[in-house]
Amino acid sequence: MTDHSDCNSCNDSSCSAKSQNPQENDEAFQARQRLESRLCNIDQKILVMSGKGGVGKSTMAVSLALALSKEGKQVGLLDIDLHGPSLPTMLGLNKQPIFSNDEGIVPLEFEGIKVMSIGFMIQDVGQAMIMRGPMKHGAIQQFLADVNWGELDCLVVDCPPGTGDEPLSAAQLLGKGAAAVVVTTPQDVALVDVEKSISFCSELNLNMLGVVENMSGFCCPHCGEVSNIFKSGGGEELSAKRKVPFLGKIPLDPRMVLSGDSGKPFILEHPESEAAQALTNVARKIR
Ligand code: ADP
């Protein structure tokens, strides 16, 4: 990958960041160049989305980042759930200070993955982030442009639920070539909203990588009987209906909740489990 750390030293005359737009002031032009030069060093950008909260987006984003990193890829993980960031807890990084140097904000590291979340910047975890759309756009732009991501094969972006400001800003800022994975649970109340995420991706020309059906079946560790607590197959039917790839089903595993709460990702703690293998298989398909 060529280093594009500075637009002035780059020879790509076709790049839109080479010249200032007539309606753009100097400050806006420099901000756009800063963003473009960071993004030029990132090969793939993948948004992990869903129409509903609590369906496993953050779990999927962490598992995808870890699976790619394990294969030797340079990976970044950005949490843009500004009102409810989960990554600090899920990765056990909530007590670490953030600092900047000449090259920008230094991301935290987890198992070789560069991680950034608004949660790293808030002292009191119980404090609400009160932000309107334009502030959110500015925060996401800063996360992309001012964090020193370096050269990455893939940046995984963990979105909040829904099709509001944060995924919209991320999709617009990441631009052409960004892709999306949509996570759902199998029951209709989730699927109705998740279908909106698929339509959001097509409206914004995001590359649709596919749908993951999480919390799909629970195998009793005592008797081995499978119970479909949230039903099963809904995500697969939705992908067939919307003609998008189906990436796989992840079963419920109560140990996943404990792993998430203790900051030790499930696929590292229980790699042999059916759920960890299903998560890894989904990550392989995405890759
Ligand atoms: P979201 O990002 O969509 O809000 P999370 O990834 O934070 O969802 O998951 C919500 C909760 O459900 C977390 O406690 C997580 O550990 C748990 N969880 C996610 N997937 C599973 C699963 N397959 N089995 C059991 N618990 C799960």
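Structure shown above.
Only a predicted model underlies this, so the values are computations on that prediction, with no experimental measurement involved. Every chain is numbered on its own, with residues counted from 1 as its sequence reads. Whole-chain, interface and lining totals are the exception, using all residues; otherwise, since this is a predicted model, local features are given only for residues with pLDDT of at least 70 and side-chain atom pairs are given and counted only at 80 or more. Only hydrogens and water are set aside; all other atoms, that is, all heavy atoms of the structure, feed into the side-chain values.

A. Looking closely at the site of the ligand. The rule for a residue being near a molecule or strand is that one of its heavy atoms must lie within 4 Å of it. Close contacts around the ligand come from 14 residues, with Gly-54, Lys-57, Ser-58, Thr-59 and Asn-214 the closest. Whenever two N or O atoms come within 3.5 Å, that pair is a polar contact, provided that in protein one can donate a hydrogen and the other can accept it, and provided that, for residues adjacent in sequence, both atoms are side-chain atoms. For the ligand, an oxygen atom lies 3.0 Å from a polar atom in the backbone of Gly-56. A distance of 2.6 Å separates an oxygen atom of the ligand from a polar atom in the side chain of Thr-59. Each accessible area is a Shrake-Rupley result for a 1.4 Å probe, and residues are judged covered by the shown protein chains and nothing else. Against a free-state accessible area of 560 Å², the protein chains account for coverage of 84% of the ligand.

B. Broad picture of the sheet that holds strand β5 (residues 108-110). DSSP bridges decide pairing: two strands pair if at least two such bridges lie between them. By the criteria applied, helices consist of DSSP H or I runs no shorter than four residues and strands consist of E runs no shorter than two, each listed in order from the N terminus. Spatially, β5-β6-β2-β7-β1-β8-β9-β12 is the arrangement adopted by the 8 strands of the open sheet, whose pairing is mixed. Looking at strand neighbours, the two that pair on one side only are β5 and β12 (246-249), the edges of this open sheet. Each strand axis lies, on average, 25 degrees off the axis of its neighbour in the sheet, ignoring direction. Looking at chain direction, strand β2 (residues 75-79) and strand β7 (residues 152-158) are connected through 5 bridges and run parallel. Across the sheet, Asp-79 pairs through a bridge with Asp-158, a residue of β7. Packing of helix α4 (residues 133-145) onto the sheet brings it into contact with β2, β6 (113-117) and β7, and relative to β2 it is tilted by some 165 degrees. Its contacts with the sheet place helix α5 (residues 165-174) against β1 (42-49) and β7, and it is angled at close to 165 degrees to β1. A fitted line through C-alpha atoms serves as each axis, taken over the contacting stretch for helices, and the angle formed by two N-to-C directions is quoted from 0 to 180°. What makes two residues a contact is simply this: any of their non-hydrogen atoms within 4.5 Å.

C. Inspection of the pairing of strand β8 (residues 179-184) at higher detail. With a 1.4 Å probe rolled over the protein chains alone, any residue whose accessible area is under 20% of its type maximum counts as buried; one over 50% counts as exposed, and the rest are partly exposed. The element β8 is extensively covered by neighbouring structure, given that 6 of its 6 residues are classed as buried. Where β1 meets β8, 4 bridges bridge the pair, whose relative direction is parallel. Bridging from a neighbouring strand, Val-48 pairs with Val-181 of β8. Bridge analysis of β8 against strand β9 (residues 207-213) gives 6 bridges, and the strand direction is parallel. Each bridged residue has a counterpart across the sheet, and for Ala-180 the counterpart in β9 is Met-208. Whether a crossover is right-handed comes down to one check: with the strands pointing away from the viewer, does the path from the first strand over the helix to the second run clockwise; if it does, it is right-handed. Read as a crossover between parallel neighbours, the route from β8 over helix α6 (residues 188-203) to β9 is right-handed.

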